[in-house]
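Breakdown of the fold
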Protein chains: 2
Amino acid sequence: MAKVAVMGCGTVGAGVIQVLMMNSDVIARRVGEPVEVVKALDLREFPGTPIEKILTHDFQDILNDPEISVVVETMGGLKPAYQFTKQLLEAGKSVCTSNKELVAEYGVELLETARAHSANYMFEASCGGGIPIIRTLNESLTAEEIEEVTGILNGTTNYILTNMADEGKDFATALKEAQDMGYAELHPEADVEGWDACRKIAILSSLAYGGHISYKDVMTEGITAIDDADIEYAAKLDCRIRLLATSRREKDGIWALVAPMMIGHENPLTAVDGVMNAVMVKGNAVGTTMYYGSGAGSLPTASAVCGDVIECVRKQDVIRRDYSFEPIGLLSVDEIERPFFVRYRGTETEAIRKYGEISHITRLKKYPDEFGFLTPVMAEKAFRAAAAGDESVIKWIRRGKKEEAE
Amino acid sequence: MAKVAVMGCGTVGAGVIQVLMMNSDVIARRVGEPVEVVKALDLREFPGTPIEKILTHDFQDILNDPEISVVVETMGGLKPAYQFTKQLLEAGKSVCTSNKELVAEYGVELLETARAHSANYMFEASCGGGIPIIRTLNESLTAEEIEEVTGILNGTTNYILTNMADEGKDFATALKEAQDMGYAELHPEADVEGWDACRKIAILSSLAYGGHISYKDVMTEGITAIDDADIEYAAKLDCRIRLLATSRREKDGIWALVAPMMIGHENPLTAVDGVMNAVMVKGNAVGTTMYYGSGAGSLPTASAVCGDVIECVRKQDVIRRDYSFEPIGLLSVDEIERPFFVRYRGTETEAIRKYGEISHITRLKKYPDEFGFLTPVMAEKAFRAAAAGDESVIKWIRRGKKEEAE
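Residues numbered from 1 in each chain as written. Chains lettered and ligands numbered in written order. Predicted model: local features only at pLDDT ≥ 70, side-chain atom pairs only at ≥ 80, totals over all residues.

Before going further, it helps to spend a moment on the overall build of chain A. The number of helices and strands found in chain A is 14 helices and 18 strands. A globule of 406 residues ought to have a C-alpha radius of gyration of about 22 Å, and chain A, at 23 Å, matches this closely. Overall, chain A is about 75 × 45 × 35 Å in size when its C-alpha atoms are taken along their principal axes. In chain A, which comprises 406 residues, the share counted as buried stands at 53%. In chain A, the proportion of contacts linking residues at least 24 apart, taken out of those at least 6 apart, comes to 74%. (Helix = DSSP H or I, 4+ residues; strand = E, 2+ residues; numbered from the N terminus. Rg over C-alpha atoms; globule rule 2.2 N^0.38 Å. Buried ≥ 20, exposed ≤ 12 C-beta atoms within 10 Å, placed from the backbone. Contact = placed C-beta atoms within 7 Å.)

So this is what it looks like as structure tokens:
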């Protein structure tokens, strides 16, 4: 029997315990022996639940148990998750996590620690919930020169944006509903400001391009400024607004960006609704591939953690992967070219004079003092310079290029 | 340096040589050493190509080369691929293949041979071209009780059906074009009769449900009977006809089916056009996941083969996976319930009397002597019994249920 401990019995941690119990037969068959959670660490009590019997409040109980070889870290945050993980790896125990904050901040160091102590640090659940995207990049698309990764990587914001578009809700109401449904946290900043998606695209890009990309270098904008009017304009243009996290290899380097973008139906990510996530990966041999699944929720994310646990239990040795810890500096997005959607309170003549051949001019009855349009394809720097000096610009949103996720 | 041989330098084999050369730097970085093709087996000559220098006509040259530890089998067919593969595995060399015919027919035996000789038999490229679906089932969704696998698994037939729908071509013309484009073979039976998709769903289902499912047990219908009128009716019903390969776990067993089905836009597989493939996998914890990519073509399929080669080179030991060789008998599809689309030359009254509350009654100007309709949800056996005794039935096509691939 393989003995496992779980640290942090919140949504995902409790899900891990549930999945390992619910699917114990099929897991035992696949592993060759039963996998059982023998200790659960949490500060809270869980009276009357399966957790009660295995609960401990003392991390040392797990660290010092020689029978536990794999530990699940679903505490979230950096403290004390970092210290605990570090100590476990140093003790030769493998750690499987859903904690993207920790992976994005200390992943390189923890992977090195794991390697040095013949243990594994696994983080399939840190990106895309139940979508097996980490393993796909690490194990499957290994013959590829990856050219682009673009995804909807945050279920909360996608739920909010879908709800705003489909039900006509405003941002505050849609956020409140997401909180009531358990999709958004009480302090939703990490989601709605794009920080969560930013960490995830930094992790995926590091694996895709073979070096360490710091999430701090990724230009990130959230969705808090998106309002009903933006959504209505998008609908008129037969588009959706999605929080896209994207990175791309250019001739002279890599750039990355997290931002709300207007995308059309030529882009399959348009069809990804609610809390679902999807990731598009483009390689120079395989072309475009796409991966779709539940990006949030207890069981889907727990399933990904359990997949990692099973891999650790099955394999005695360190799992050989290609992690390069060499830092990759990112290109600025200044030179990236695309059309921009602009809401404008000036005249069409003025807009044409400033941005050239604008198109998709759209007027909404509800907003008689403005109109919306798309600029021609232009470099971000040039567009920003023009827009910054233009008092008629109410706001603008990037228009995703077809190639960005086709 | 890892030395590899390629047997069969057709579309995929030549692609493998190309990918390993084109991406040699990134592959060497990921593996930790260069991977080079040192021998290529084919009956033909390849003057003036990179293959020329490494070409051999004698299988023994590969079998007896102690430096070659991994061999790519992209010959296709059973003979001599089976004998060659068997001998290589017995010699302790790992074999990576795109040959679904061989995997479906002798996969169980070859996996056992591999295991007995500490070698690996790898077949990521046998299903779904560049889509990493085999590794996803083997390595990622390991904590799942899989409930359903449904996919568009044959690029040729999907190209033909897409072409018929979008360009109004008839089957013969669309097939001819697919042949001219290199998507269909001169003898297209394996594709258009559904045999190729049948082998693939048998392979995927064996991995998903943990036992051996023989392709011979899978009820299979091809697309040769689909005509312009069917396509037009489908369009009127806001549907597409797709060759779906599907298997599902029921309370008392598993059933599988390959058949053209009418599916609506509630089903994301509707959007999979041309030679693209997609596979939907539903698990009891993760819910619905989907995988999309190029299902055919030289480089995408070669990329999947190369991913297997890289895994074999990276890992010294036998790759531990859960293959159960226990045969799984399939349930008949007799009791499976769904609506059926029927083209009918009788009266509506007659149809209602025979099939109950029919819906979506559709008449096309071009075919004044008939109409189309959907039956209510009914068991296949009951529907077949009614239709067999009904001379007014011109033909019928299964209507995919929403749950079958949502």
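Let's shift gears to the relation of the copies chain B and chain A. At an RMSD of 0.0 Å, chain B and chain A line up after a rotation of 180 degrees and a shift of 0.0 Å along the axis. Considering both components of the superposition, the chain copies are consistent with a two-fold axis. Every residue of chain B has its C-alpha some distance from the rotation axis, and the shortest such distance is that of Tyr291(B), at 2.4 Å. Interface residue correspondence from chain B to chain A reaches 100%, placing this contact among same-surface, isologous pairings. (Least-squares fit on C-alpha atoms with pLDDT ≥ 70 in both.)

With 268 residues, the main nonpolar core has Ala5(A), Ile201(A), Val309(A), Ala5(B), Ile201(B) and Val309(B) as its most contacted residues. Excluding its chain neighbours within four sequence positions, the residues that come into contact with Ile201(B) are Val149(B), Leu153(B), Val218(B), Ala245(B), Thr246(B), Ser247(B), Ala256(B) and Val258(B). (Core = buried A, V, L, I, M, F, W, Y, C linked by C-beta atoms within 7 Å.)

Residues and elements named next belong to chain A. The domains assigned to chain A are domain 1 (2-129 + 299-314), domain 2 (136-293) and domain 3 (337-400). Its C-alpha centre places domain 1 at a distance of 27 Å from the equivalent point of domain 2. Listed by partner, the interface residues are 11 residues for domain 1 and 14 residues for domain 2. It is helix H5 (residues 100-116) that contributes the most residues to the side of domain 1 that touches domain 2, six residues altogether. Tallied by class, residues from the side of domain 1 that touches domain 2 come to five nonpolar, four polar and two charged. (Domains from an automatic or database assignment. Nonpolar A, V, L, I, M, F, W, Y, C, P; charged D, E, K, R; others polar.)

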